[in-house]
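Commentary on secondary and tertiary structure
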Amino acid sequence: MHYSEFGLSNTKTLLTRALRDGYAVPAFNFYNMETLNAILAAAEITQSPVILAVSESALEYMGDDILMGLIRGAQYKKNSIALHLDHGHSFESCKHAIDLGFSSVMFDGSALPLNDNIKISRRVSDYAHRFDVSVETELGQLRGTEDKNTKSDSNIFTNPNMVQDFVKQTQTDSLAIAIGTSHGAYKRKNKNESLRFDILERIAKNIPNTPLVLHGASSIPQKYIKDIDKFGGDIKNAYGISPAQIRRAISMHITKVNIDSDSRLAFTSAVRKTLYQNRAVFDPRIYLSTATNEMTKNCIAEIQNIMGSGYKI
Ligand code: G3H
Ligand code: 13P
Ligand code: ZN
């Protein structure tokens, strides 16, 4: 099915508008009904465009039919909502998502030799553009764990001298870049570590019309780490990217900001707290609805304090 039949929006249109007007569209990952509803509630309350991001492993977890059933059932016709494959690792995986009804796909060839990255990215673009589906590709590599398919111990910053040619050859609609963010909850070795704004500036200058994407952009709110630890969990020394740094990146052409870990922390801290404080509770609807509400609260805060995307639908 085509994404328009689900009432979904064209991702490139959302990003082009954001690039023009100087804000970022948040891409929030989801994995089930609760996390999807949490994001949609935040979008509705803030009147923000959002990109619903599904990783390959999240798609595997939900299954095609349940995922697309959830999307069909969601009420978002008036909003600017896109459905996006996050970190597709093959042409086949991207094609599968496009055929299901996704409005954009990311082909992540960042771990491949450059020529293979370009070749497969271009193949994905050629297929996607036949259906007006937008494509994100990546040049450079983030440190950390992206999903079970992609792990990297090193940070390979994007080379600003290569971006123009990469965009031209791949025909990509947006470009994910590496300027010092990383996936997961453990992002910084020391608190003073700064993103490489010098690299971002040069990239933006070389491809001013291409929306830039920042992965690994969670700020890891310390209140969630504290609550998780207080109510039976054990997460130590987890620090994210400060909201001030993300806002600065957005003012320098970052147009799509990916958030997953912050949602996981919000959700998990609420589950732990609810079960810890109400020891007799065993109805999943009770702790899942408090967790959904906490994730919505966090998505609203990110939209209002970082993205600047409220009232931009
Ligand atoms: O960057 C990727 C996301 O955080 C997805 O991770 O494969 O565990 O769903 P996942
Ligand atoms: P975080 O782990 O910082 O939330 O990054 C998520 C992400 O980049 C998803 O693609
Ligand atoms: Zn990512």
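The structure contained in this document is the topic of the report that follows. Given the structure is predicted, the values throughout are model-derived calculations rather than measurements.

**As for helix 12 (residues 284-307)**
- Relative to the 34 Å expected for 24 residues at 1.5 Å per residue, helix 12 spans 32 Å between its end C-alpha atoms, a close match to the ideal helical length.
- The N-cap residue of helix 12 is Asp-283: its side-chain oxygen and the backbone nitrogen of Arg-285 are 2.8 Å apart.
- At the exit of helix 12 stands Gly-308, carrying a positive phi of roughly 70 degrees.

**As for the nonpolar core**
- Ranked by size, the top nonpolar core spans 77 residues in total, and within it Phe-30 and Leu-52 carry the most contacts.
- Ranked by residue count, the leading element in this core is helix 12, at eight residues.
- The contact partners of Phe-30, leaving out residues within four places of it in the chain, are Thr-35, Leu-36, Ile-39, Leu-52, Ala-53, Val-54, Ala-58, Met-62, Leu-67, Ile-71 and Leu-83.
- Counting nine residues, the second-largest nonpolar core is a separate cluster that includes Ala-185, Ile-220, Ala-238 and Ala-266.

**Section: the side chain of Gln-245**
- Tracing the backbone shows Gln-245 in helix 10 (residues 243-250).
- A relative accessible area of 16% means that Gln-245 is categorised as buried.
- Of the polar contacts made by the side chain of Gln-245, one reaches the backbone oxygen of Glu-193; its length is 3.4 Å.
- Setting aside residues up to four positions removed in sequence, Gln-245 forms contacts with Glu-193, Ser-194, Leu-195 and Phe-197.

**Quick word on the coordination of the zinc ion (ligand 3)**
- Coordination sphere of the zinc ion (ligand 3), protein contribution only: His-87 (NE2), His-183 (NE2) and His-215 (ND1), at 2.1 Å.
- Ordering the donors of the zinc ion (ligand 3) by residue number gives the pattern H-x95-H-x31-H. One end of the pair, His-183, is in the loop between strand 8 (174-177) and helix 8 (197-206); the other, His-215, is in the loop between strand 9 (212-214) and helix 9 (222-230), with 32 residues separating them in the sequence.

**Thoughts on the layout of surface pockets**
- Space inside the second largest pocket adds up to approximately 150 Å³.
- Looking at the second largest pocket, it is lined by 14 residues, and the ones nearest its centre are Ser-110, Leu-139, Gly-140, Ile-156 and Met-162.
- Mapped onto the lining of the second largest pocket, the elements with two or more residues apiece are helix 6 (114-129) and strand 5 (134-139).
- The residue makeup of the lining of the second largest pocket, split by class, is six nonpolar, seven polar and one charged.

**What to know about the pairing of strand 4 (residues 104-107)**
- With burial as the criterion, each face of strand 4 is covered, one bearing Ser-104 and Met-106 and the other bearing Val-105 and Phe-107.
- Note that strand 3 (residues 81-88) and strand 4 share three bridges and pair parallel. Bridge pairing links Gly-88 to Phe-107 in strand 4.
- Note that the unit made of strand 4, helix 6 and strand 5 has a crossover that is right-handed.

**Some points on the sheet that holds strand 8**
- Taken together, eight strands build a closed barrel; the order of strands is 1-2-3-4-5-8-9-10 and the barrel is parallel. Adjacent strand axes in the sheet meet at a mean angle of 25 degrees when their direction is disregarded.
- The sheet contacts of helix 8 involve strand 8, strand 9 and strand 10 (254-259), and relative to strand 9 the element is tilted by about 155 degrees.

**Considering the packing of aromatic side chains**
- The full count for this structure, using the stated rule, is three aromatic pairs.
- Aromatic side chains Phe-91 and Tyr-127 sit 5.9 Å apart centroid to centroid with 80 degrees between the ring planes, which places their arrangement in the edge-to-face category. Here Tyr-127 lies in helix 6 and Phe-91 lies in helix 5 (residues 91-100), a separation of 36 residues in the sequence. With respect to burial, Phe-91 and Tyr-127 carry one shared label: buried.
- Pairwise contacts between aromatic rings join Phe-91, Tyr-127 and Phe-131 into one cluster.
- Above the ring of Phe-197, the side-chain terminus of Arg-248 is found at 4.0 Å from the ring centroid.
- Here the guanidinium or amino end of Arg-279 rests over the ring plane of Tyr-276, the centre of that ring lying 4.4 Å away.

Cut-off values and rules
- Residues numbered from 1 in each chain as written.
- Chains lettered and ligands numbered in written order.
- Predicted model: local features only at pLDDT ≥ 70, side-chain atom pairs only at ≥ 80, totals over all residues.
- Heavy atoms only, no water.
- Helix = DSSP H or I, 4+ residues; strand = E, 2+ residues; numbered from the N terminus.
- Expected span 1.5 Å × (residues − 1).
- Polar contact = N/O pair within 3.5 Å; in protein donor to acceptor, adjacent residues only side chain to side chain.
- Core = buried A, V, L, I, M, F, W, Y, C linked by side-chain atoms within 4.5 Å.
- Buried < 20%, exposed > 50% of the residue type's maximum accessible area, 1.4 Å probe, protein only.
- Contact = heavy atoms within 4.5 Å.
- Donors = N, O, S within 2.8 Å, 3.2 Å for Na, K, Ca; no water.
- 1 Å grid on protein atoms, 1.4 Å probe; cavity = no way out; pocket = protein on both sides within 12 Å on 5 of 7 lines; lining within 4 Å.
- Points joined across faces, edges and corners; volume = space filled by probe spheres on them.
- Nonpolar A, V, L, I, M, F, W, Y, C, P; charged D, E, K, R; others polar.
- Pairing = 2+ DSSP bridges.
- Right-handed = clockwise from strand over helix to strand, strands pointing away.
- Axes fitted to C-alpha atoms, helices over the stretch in contact; angles between N-to-C directions.
- Phe/Tyr/Trp six-rings, centres within 6.5 Å; stacked < 30°, edge-to-face > 60°.
- Lys NZ or Arg CZ within 6 Å of the ring centre and 35° of its normal.

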